[in-house]
Amino acid sequence: MGEIGANDPATLDGLLADPATSFALKAVIEAWAERDRLDAEHDARLLHAALAREVDYRLGLAP
């Protein structure tokens, strides 16, 4: 991927190199490798918000 800081877990290359990164996350990173970074980031934020809301709902923290 050529990200700066390949050993930094806060980069895409760092996440791919980290054995602790889930296979599911690695698959998304690889699948989205050719996408526009802004579009991918926007979609990731939407997914995060939906998942956080679902977790809050299941924990009884949200209506």
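Look up: the structure comes first, before these words.
Quick look at the structure, then. Please read all numbers here as calculations on a predicted model, not as lab measurements. (Residues numbered from 1 in each chain as written. Predicted model: local features only at pLDDT ≥ 70, side-chain atom pairs only at ≥ 80, totals over all residues. Heavy atoms only, no water.)

Description of the overall build of the chain
Scanning the chain for helices and strands turns up 3 helices and 0 strands. The order of α-helices and β-strands along the chain, N terminus first, is α-α-α. Scored against the burial criterion, the 63 residues of the chain give a buried share of 11%. Counting only contacts in the chain whose residues sit at least 6 apart along the sequence, the fraction spanning at least 24 positions is 14%. When the accessible surface of the chain is summed, it comes to about 5,100 Å², and 62% of that surface belongs to carbon and sulfur atoms. (Helix = DSSP H or I, 4+ residues; strand = E, 2+ residues; numbered from the N terminus. Buried < 20%, exposed > 50% of the residue type's maximum accessible area, 1.4 Å probe, protein only. Contact = heavy atoms within 4.5 Å. Areas by Shrake-Rupley, 256 points an atom, 1.4 Å probe, with all protein chains shown as cover.)

Details of the side chain of T21
Here T21 is to be found in the loop between α1 (12–17) and α2 (23–31). Exposure remark for T21: the relative accessible area of 10% places this residue in the buried category. Separated by 2.7 Å, the side chain of T21 and the backbone oxygen of L15 make a polar contact. If we skip the residues at most four places from it in the chain, T21 touches L15 and K26. (Polar contact = N/O pair within 3.5 Å; in protein donor to acceptor, adjacent residues only side chain to side chain.)

Describing the pattern of salt bridges
Applying the stated criterion to the full structure yields 3 salt bridges. A salt bridge links E41 to R45, with the nearest nitrogen and oxygen atoms 2.1 Å apart. Highlighted residues: E41 and R45, both in helix α3 (residues 37–58), separated by 4 residues, approximately one helical turn. E41 sits in the partly exposed class, given a relative accessible area of 35%. The class of R45 is exposed, set by a relative accessible area of 58%. Between E54 and R58 there is a salt bridge whose closest N-O contact spans 2.6 Å. In this pair, E54 and R58 both sit in helix α3, 4 residues apart, roughly one turn of the helix. (Salt bridge = Lys/Arg side-chain N within 4 Å of Asp/Glu carboxyl O.)

Details of the environment of D13
Tracing the sequence through the fold places D13 in helix α1. Along the backbone, D13 and K26 are 13 residues apart, and their C-alpha atoms lie at a distance of 9.8 Å.

Read these as geometric descriptors, not functional statements.
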